[in-house]
Every structure is written in structure tokens, then in C-alpha cells.
Amino acid sequence: MGNPQIDQFERQIREKLPTHESPEQAAEAFRRDAENLGVAFTKEMIDNLDAACAAVRASMEEVEILRRCSIIKLREDWYGGPKATDRHWPALEGYLRNTKGWGGDAVDSMDETSTEVVSLLANPAGDQFRCRGLVVGYVQSGKTANMTAVIAKAVDAGYNLIVLLGGMTNKLRAQTQRRIEADIVERHRHLWQLYTTGEDHGDFTVPANGSFTMPVEGRAQLVVMKKITSRLNAFHRTVRKTPPAILKSLKVLLIDDECDQASVNSAKDDYDITKINDAIRSIIRSLPAVSYVGYTATPFANVFIDPFPHNKEELDDLYPEDFITSLPRPKGYFGTREVFGTDPVDADEETPTEAGRDMIRVVPEDELGLLRPERAADKDIFQPDIAPSLENALLWFFASCAIRRKRAQSGAHMTMLIHTSPNVAQHRKMAETVRSWLDANSSDLRSGRGDAFRRMTALLEEEVDRVPPPASGDMSAPGGASDLMDELGEVLDALEIAIENGESEERLDYTGDPKTYIVVGGAVLARGLTLEGLCVSFFLRTAKQYDTLLQMGRWFGYRHGYEDLPRLWTTADLADSFRALAHIEEEIRDDIEIYRDRKVSPLDFAVRVRAIPGMAITSATKMKHAYRTSISFEGRHVQTIRFDHRDDDIVAGNWKAGARLIDDCEAEAKRAETDRAPYYKEVPADAIRRFLTAYDISDRHMDLKKGHLLGFFDDARERMPHWHVALITAGKGEPSSKALGSIGPVNTVTRSKLRDTDEAYADIKALMSKSDILVDAAHIPETLKGARWEDLKRCRPPVPLLLLYPIAANSGPRADSTTRFELDAVDDLLGIGIVFPGERDRSGDYFQVSIDAPTPEQLDEEEQVEELDRPEPMLIND
């Protein structure tokens, strides 16, 4: 355990160090000030002061920047981390530790990752430079905190103009400005010149003198502006009017927060660049010394940027040519892994951790007509009602708030989100509907009687049974609603209903006393705007832009002390989309890690990641480069996890295709026996092609399309003339209802379906177990726990492997599962898994495909969202 006095002395020395040349001088100044106040230093105090001085001196030694999180282009090493004489980072660090109460591990982690990002910027000592990078974080994970740390260290290192593109709405921009001011500017207010303010309408305008001012050594200028054409053009005009001597002195750090929103070129052809994109490019080109860094949690659109929009020699101005950094997953983060789980090691025996939390509740289709207008034309006349699912969401929110108060969390913010429509008028009507329901039911809830209280009692019992609190820790389960009466009254007393959209005047305020909010809103809630203590989300927004969809996951973040309480009410279709996107998002992060280990450049990385099969998941206009693009299955494994299990023709047809393949294998291939399972060797590619042609892959797969698979197969046919085929069965499984070709009936495996999914198809989440891909491996690792798929594939021969899975029609879940139901298929299903040889980053193994174009309905919906939920930018005469 450390010495508290040494720690205190060390903090005092660090505070004085920026105005002194050495730790020894700072220590002497501290001692002199203390003695002037009457403090008499004993020998022990002098020894402790010397120890503190030595600790500060040791921290000033050069350290190696490991760059654990980045793939980079070779560059000059110019930044060795914060110096003891820095001003802004030490002040921010002390503020986080001492005022905000951050733990040491959290501060140290942010210190390390922000140092890594700053080391990848251009050296501000240079006269001219242009650096472009991308930082990938997690939704609601502290990206802004990393950003503020990067700003503080960059200013300490010599950057003197910080420009932050903070969203596309006044409220989000203002929130970002206030955060930067509170965290950095107010620590040394006299060292900052601000061109923008924290008011909703405090955006950038051309200064009175028409230009930026000459930077003063040791000081910095700050601009936080919306990413809209009028503001960007005003900024560009200011740059153009700035005298050359001043412009030459400006060392600019341009940070694009949520850089996949609007920045990515979304014009109809390469030369008709969108206005916003064009404005950002123009700004970058007009600055002699600039580092551009995009921050995002959903890099789907970014990986579709064409690196060479005009020709193979001219690189795109926004392309992250210099570095791509993936921030590590923060400790205690509540994200997609907690909600949707992870790929199981053994698909037959999914563990509770792999299954994820049972927190999604499906809103029935027949209730949607009560909650939102079916046609956009009815947006002004439709009156929403409190459907049973919305009532359950409200009751659970009140119960969860009461439970948190019972757990001594009454000093924390608590929030519920209701997001049913992009229409501003509907936000107002929904808020009125909720208020009316509260007026009618709050007295019964306070007194513990009436229908509402009885429903809450039953709901509380059901929810705690489905998601019990952890056995360890201080998260106790309530005995029942009657045990929460006092706390429930406090919740209703504190409750406020707020509307957050582009037109609302009120502002969510989490800066003072703890708040209990029900927030009704639209697009302003979809990106960036933080909802503190979010526990319940009622979410019906039918976004077809899947990168936006994942950004709407406001329920991700930190939920310390109430990890068992968050719930999401949504449609089955949206839940399925979230689940599929979470898997693809993890694949992108895995790719960054793999490519970093293999020293692949950012340019090579993006070409590879754009090629993930089925990445048709960003907005209709952003995907212009993806309509005709290169994709590859090289080094990947794919599996069918979604089945049209109630379609007799498809189920029977797939079984028939499998039976014919088995007969072809028996006739044309060699049978190999292993301790794990028999498999066929030297299966001709023609037999595999016939099978894949006949086999029906459900259209419900987001990242596995039959046309793409066959296209790659044909392109790679010469390199893959022979395959291995294995039949994966269960030793004690039920015999199949039909023969699988000449080998007769086979033992089936069990794969139950996820509980809260669309009834039209079955989602089993995972078909393959990690051990399955080792059926033809020369050697087997001692343990599969913690092993990456990529590592296991290296144990295999360089031959493509097709795995066949006969699945029992009545596959049931484990007795303790709360997330699965019986499969209930019309007959036994046949699933397939394919393991392709090769490395993901090998060049040349790509083929051209056409990604599905957006439907008229998708385009219409995007236009509606833009039209209904985003106000026109306020025009300011410059």
C-alpha cells in the first residue's frame, strides 16, 4: 500500500511543475509555500518529499509507445508521451481522478490509448503536414473521454487550433462543447480562445475580423461546430481570409466525431460529391498543417470509402491512410456481448455467458398500430395509445428505479427512452399519452392497489426470474413489489417527462441533482446524445440504415450496480438486425487485431474489410461504392444460422441436396476415419458446386448470400479443385426422420432457436462448434477455451472444408435457458458450415459482386427521417 503523504506531495509537485524547470525546483517551491503557511517539515516529511520528487523524475523518462491498438503506416516517431511540464493533460488527469472520481485503472487505460493516438498524429513542429486517421470505439463507451484526452495532449505537444465537428444538431453540438469546456478548458481558462459557446445556438460564425488570430505560444484556439454545410462553409471562408503568416502558424487538429455520419461520400457518382463532404475536403486542403482524425463506433460506412475516388494515384482526402486505431473494450462496459452473447465454443452446450442477457422483449406486431402511424401522411392526426408492451416497459422502469434506490443508488441518474417515430408531432403526442396514463395510475402505484400495481407485481416476479441479479456483489433481488413501496413513491415524485428532438426547447440536464427521466424523442437521441443511467428502452424506429441502427443502441454503456436491470422493448425484426450487426461489428474489430499483428497498412486493411461478404448494411446513398465491389471468403468460415424452418419445400429440398452430396462423396471421394468424425477427402469441386446450387440459404442472413458464395466459388475454383466434406452428428442424438443418401438415417444434433425472434424463421445464433473445424486437422490444441477461430484454422490442411449438420426438428433448449425455445421445424433441417483456406489479408483473391440496391421503401423511409426529424440549419449572416 502506498504512502498517502508521498502521493499528496507528488500531486503538489506535478501541479507546480509546468511553471518550473525541474521536479526539484517544483518540490522546493511547494515546500517554501507550505512553510510560509506555517507548516514545519519534519525529517520524515522531507524524506517523503524527496521520494515524491524521485517518483515524478522517474515518470519523466522516455517510454516506448507500444501501439497495441493500431494498424499504421510507417512514420516518424516524434511523441514519447506526456511530459511533466505539460499543462492540459495533468490538469485533465487530476480532474478525472479527484473531481469525477475515476478509478486509477480507467484513467491509466485512457492515458495509454490517447498517447497512442497522439503519437500517430503528424508532428506539429513541421511547417506542412496532412495526416488522416480513424479511431474505432464502442457505442456509449467513453469515446468522448478519449477524444478529450487526445485534445489535451495534442495541445501540450504543440497543436494550437482544435476543430471538433460535433454532430448535426444544435443540441448535440452544444453538449459536446460543454463537455470539452468542463473537462479541459476550465482547467486553464486563460490559455484558451473560444470561437463557439455551449449555448444551443453558439455555433461557429465568421469572426468580426474575418479571420483566425495569430496563435500565442502555450495557448490554443477551439471551435466546436455542427457538421452542416452552412457552418463548414463559414469556417472555410474564415480559413481563406486568414493572412498567410497566421495560417502558416496554425497547427490544426480536426476531429470528426461520429465520422461515418455525413462525412462519407454519398453522392450519386464519384464527381458529384455531397456538399458536406466537399466542405470538409476543402477545409483540409486549405490548411497547410492539419491532422484529421475520425471517431466512430460503427465503422460500416467508413469501410466503404473508395480509397481512390477518381484514379489509382489520388487518395481520398478523408481516407484513414495513416492509422486505424481500435480502442480496447473498457472494463465494466455493457455492450453487444452482454446483450447478445458470443459465439459458443460448443454450439450444443451454450453457456449462460455465451448466450447473453435475456433483456430483449418483443413488441407484438398487432400492437404496432397503437403506437405509431402506419403511414407518414397520418403523422399529424394519429394519436398513440398505451399498448400492453409499453405499459410493461413503464412499469418495469418504475420498478427498476425503485430497486436501484433500494440498492443505495438514489444519488444516480435514471432514464427511460421512448423512441417510436421520427416525427416531431408524434413525440409530443406520445409524451401527452404517457402523462395521461400516469395521471390515471400513479395513485394506485403509490398505494399498492389497483390493476397497475397488480401488473407491476406480476411483471417484477417474471423479470427477476428471467434475469436474476448476480449471486455476488450488492445487487440484491427485491422480495416483491410490496417491498418497494417507499422507493416507488420517491420514483414517482422525482419523475420528469422530457421531449428531445430537433425542435424541443427543454434540455436534458444531468449536471445537477440526480434526475429520473422518461425521454421521448427522435434522431437527436440516435447518435451521440448521452442518456445517463439509461435502464429501459422502448424502441420501434424502423431504420434500414444499419450503421445508424447500431448507433441507436443507447442502452449500451456502463451499468455498474444494475447490470441485471436494463431491458429493451423492440420488434422481432429489429432485434434480429441488432443481433446480426453485433456479430459483423465484432468481425471488423477482430480484423483490425489480426491485421495489426500482421503489420498490414491502413490502405490494405480497408480494401480487405470492405470485402466482408454481405456488408450491405449502411445507408442507401453511402453504399454507392458497394454496389459493385470486391469481396472475399479467403481465410473465413461461414455458417447457416437462420432457417426457413416452416417451409416444407425448402426444408425437404435442402435435405435432398445433402443426400445427393453424400452419394457423390461415397462414389467419387475417399473416406477418412479419425477419432473425431469420419470425413470425405478429395471431393470434386463439381460435386460441391451442385450442392451449393441446390441448397437454399435463407435470405434472412445479413452476411451470407448464396450468390456471393457461388461467385467466389467459381472465381477460386482452380485454386480449390478438391474439398473435404464432414458430417457432424451427435453420438446420442435422435436418428433423422429420413435417410441422408446411401448412408441411411443419421444421428441429429440439437440446435434450438432464439426466443425473441421473428416467427417467420428460426435463428439458432450458432451452428458450428470450434472443435468442428478440426475434424481434418493434423493436431489439436490442448484446450479450445479462449482459442480464436483464426488460430484453430491454422491447424487445418490448406483445403476447403464443407460441414453438414443434420438438425433435429424438435430441438429443445437446455432446461435452465431463458433465451431459447424449441426449434419446431416441419422436419429435420440441414445446416452447413464452410471453412475456406488462406489468410484474410492475402491480396488478389477477390471477385466483383453487385450488392443489392436499396428498395424504394428504404429510400422513402430515409427521406422521411431526414424530413421529419432534422430541422433546417439556422442561417446566420456572416
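Scroll up for the structure.
Residues numbered from 1 in each chain as written. Predicted model: local features only at pLDDT ≥ 70, side-chain atom pairs only at ≥ 80, totals over all residues. Heavy atoms only, no water.

Enquirer: Please provide a residue-by-residue account of the overall build of the protein chain, values included.
Expert: Along the protein chain, the regular secondary structure elements total 25 helices and 28 strands. When each of the 878 residues of the protein chain is scored for burial, the buried share is 58%. For the protein chain, restricting intrachain contacts to residue pairs at least 6 apart in sequence, the fraction spanning at least 24 positions comes to 77%. Carbon and sulfur atoms make up 48% of the accessible area of the protein chain, which totals about 36000 Å². (Helix = DSSP H or I, 4+ residues; strand = E, 2+ residues; numbered from the N terminus. Buried < 20%, exposed > 50% of the residue type's maximum accessible area, 1.4 Å probe, protein only. Contact = heavy atoms within 4.5 Å. Areas by Shrake-Rupley, 256 points an atom, 1.4 Å probe, with all protein chains shown as cover.)

Enquirer: Can you lay out the sheet that holds strand E16 (residues 567-570) for me, pointing to particular residues and giving the numbers?
Expert: To summarise the sheet geometry, strands pair through backbone hydrogen bonds and adopt either a parallel or an antiparallel arrangement. Strand order in the open sheet formed by 6 strands is E10-E16-E14-E11-E13-E12, and the pairing between neighbours is parallel. Every interior strand has two partners, whereas the edge strands, strand E10 (360-362) and strand E12 (495-500), have only one. The average undirected angle you get between the axes of adjacent strands in this sheet is 15°. Relative to strand E13 (residues 516-521), E12 is paired through 6 bridges, and the arrangement is parallel. Residue Glu500 lies in a different strand from E13, and its bridge partner there is Gly521. (Pairing = 2+ DSSP bridges. Axes fitted to C-alpha atoms, helices over the stretch in contact; angles between N-to-C directions.)

Enquirer: Could you give an account of a negative patch on the surface, with specific residues and numbers?
Expert: Negative charge collects at one region of the surface, where Asp647, Asp648, Asp649, Asp696 and Asp699 lie side by side. Mapped onto the elements, Asp649 comes out in helix H21 (residues 648-668). (Patch = residues over 30% accessible without salt bridge, like charges linked within 9 Å, V, L, I, M, F, W, Y side chains within 5 Å. Salt bridge = Lys/Arg side-chain N within 4 Å of Asp/Glu carboxyl O. Lys, Arg positive; Asp, Glu negative; His and termini not counted. Charge placed at Lys NZ, Arg CZ, Asp CG, Glu CD.)

Enquirer: Outline the nonpolar core, supporting the account with residue identities and numerical values.
Expert: Phe691, Trp723, Leu802 and Leu804 are the most contacted members of the largest nonpolar core, which has 66 residues in total. The set of elements that each furnish at least two residues to this core consists of H21, strand E21 (679-684), helix H22 (685-694), helix H23 (706-715), strand E22 (722-727), helix H24 (789-793), strand E25 (801-807) and strand E27 (829-835). Element by element, the count of residues in this core is highest for H21, at 7 residues. (Core = buried A, V, L, I, M, F, W, Y, C linked by side-chain atoms within 4.5 Å.)

Enquirer: Can you lay out empty space enclosed by the protein for me, pointing to particular residues and giving the numbers?
Expert: The gaps left among the atoms become clear once a water-sized probe is rolled over them. A full pass over the atoms with the stated rule returns 10 cavities of 30 Å³ or more. Estimates place the volume of the largest cavity at around 140 Å³. Around the largest cavity, the lining comprises 13 residues; the ones closest to its centre are Val339, Arg357, Arg579, Leu754 and Thr819. Considered class by class, the residues forming the lining of the largest cavity number 6 nonpolar, 1 polar and 6 charged. When its volume is computed, the second largest cavity comes out at roughly 100 Å³. Around the second largest cavity, the lining is made up of 15 residues, and of these Phe643, Asp644, Ile650, Asn654 and Asp696 lie nearest the centre. Taken together, the elements giving at least two residues each to the lining of the second largest cavity come down to strand E19 (642-643), H21 and E27. (1 Å grid on protein atoms, 1.4 Å probe; cavity = no way out; pocket = protein on both sides within 12 Å on 5 of 7 lines; lining within 4 Å. Points joined across faces, edges and corners; volume = space filled by probe spheres on them. Nonpolar A, V, L, I, M, F, W, Y, C, P; charged D, E, K, R; others polar.)

Enquirer: Could you give an account of the packing of aromatic side chains, naming the residues involved and the relevant values?
Expert: Here the structure, examined in full by the defined rule, presents 19 aromatic pairs. Arranged with centres 5.4 Å apart and planes meeting at 55°, the rings of Trp78 and Tyr79 form a pair that is tilted. The exposure classification of Trp78 matches that of Tyr79, with both residues buried. Between the aromatic rings of Phe633 and Phe836, the centroid separation amounts to 5.6 Å while the plane-to-plane angle is 35°, which identifies the pairing as tilted. Here Phe836 lies in the loop between E27 and strand E28 (847-850) and Phe633 lies in the loop between strand E17 (628-631) and strand E18 (637-639), a separation of 203 residues in the sequence. Residue classification places Phe633 among the buried positions, given a relative accessible area of 1%. (Phe/Tyr/Trp six-rings, centres within 6.5 Å; stacked < 30°, edge-to-face > 60°.)

Enquirer: Let's hear about helix H15 (residues 424-447): which residues, and what values?
Expert: Given 3.6 residues per helical turn, the α-helix brings residues three or four places apart onto the same face. Under the 1.5 Å per step criterion, the end-to-end length of H15 is 35 Å for 24 residues, consistent within 8% with the ideal 34 Å. The axis of H15 is deflected most strongly, by about 50°, at Asn441. A positive phi of about 75° marks Gly448, the residue just after H15. (Expected span 1.5 Å × (residues − 1). Bend = angle between axes of the 7 residues up to and from the residue.)

Enquirer: Summarise the packing of helix H14 (residues 388-406) against helix H16 (residues 450-466); cite the residues concerned and give the values.
Expert: Where H14 meets H16, the axes come as close as 9 Å, and the angle between the chain directions of the two elements is 70°. With respect to each other, H14 and H16 are oriented roughly perpendicular. Residues Glu391, Asn392, Leu395, Trp396, Phe398, Ala399 and Ile403 of H14 form the contact with H16, whose own contacting residues are Ala452, Arg455, Met456, Leu459, Leu460 and Glu463. Class assignment of the residues belonging to the contact of H14 with H16 gives a composition of 9 nonpolar, 1 polar and 3 charged. (Parallel < 35°, antiparallel > 145°, perpendicular 65-115°, else oblique.)

Enquirer: A description of helix H5 (residues 104-120) should follow, citing residues and the corresponding values.
Expert: If you check H5, its first and last C-alpha atoms are 25 Å apart, about what 17 residues at 1.5 Å a residue would give, namely 24 Å. Along its buried surface, H5 packs onto strand E1 (70-72), helix H4 (88-99), strand E2 (129-136), helix H6 (143-157), strand E7 (289-296) and strand E8 (323-326).

Enquirer: Go over the sheet that holds E2 with me, naming the residues and quoting the values.
Expert: On the basis of which strands lie adjacent, the open sheet formed by 8 strands has the order E1-E8-E2-E7-E6-E3-E5-E4 and mixed pairing. Unpaired on one side and paired on the other, E1 and strand E4 (192-194) mark the two borders of the sheet. Strand-to-strand twist across the sheet, computed as the mean angle between neighbouring axes with direction ignored, equals 15°. Bridging between strand E3 (residues 161-166) and strand E5 (residues 220-225) involves 5 bridges; their strand directions are parallel. In the sheet register, Leu165 faces E5, and the bridge partner there is Met225.

Enquirer: How would you explain the pairing of E8 if you had to name every residue and give the values?
Expert: Burial along E8 is two-sided: the residues Phe323 and Thr325 and Ile324 and Ser326 are all buried. Summarising the sheet, E1 and E8 pair through 3 bridges and their orientation is antiparallel. Residue pairing across strands places Ser70 opposite Thr325, the latter belonging to E8. Sheet topology places E2 next to E8; 4 bridges connect them, and they run parallel. Across the sheet, the residue bridging to Val136 is Ser326, located in E8.

Enquirer: Could you give me a rundown of the packing of helix H1 (residues 4-16) against helix H2 (residues 23-36), with the residues and numbers involved?
Expert: Viewed as axis vectors pointing N to C, H1 and H2 meet at an angle of 110°, and their least axial separation amounts to 8 Å. Viewed along their axes, H1 and H2 adopt a mutual orientation that is roughly perpendicular. Residue-level inspection shows Phe9, Gln12, Ile13 and Lys16 of H1 in contact with H2, the latter providing Pro23, Ala26, Ala27, Ala29, Phe30 and Asp33. Across the contact of H1 with H2, the residue classes tally to 7 nonpolar, 1 polar and 2 charged.

Enquirer: Describe the pattern of salt bridges, with residues and values.
Expert: The full count for this structure, using the stated rule, is 46 salt bridges. Ionic pairing is found between Asp111 and Lys153, a salt bridge with its closest N-O pair at 2.5 Å. Taken together, the residues Asp111 in helix H5 and Lys153 in helix H6 connect sequence positions 42 residues apart. Looking at Lys153, the relative accessible area reads 1%, which means it is buried. With its nearest N and O atoms 2.8 Å apart, the salt bridge here joins Arg466 to Asp358. Of this pair, Arg466 sits in helix H16 while Asp358 sits in the loop between helix H12 (352-355) and E10, and the two are 108 residues apart along the sequence. Considered together, Arg466 and Asp358 belong to a single accessibility category, that of buried residues. Among the charged side chains, a network of salt bridges with common partners joins Asp358, Arg361, Glu462, Glu463, Arg466 and Arg567.

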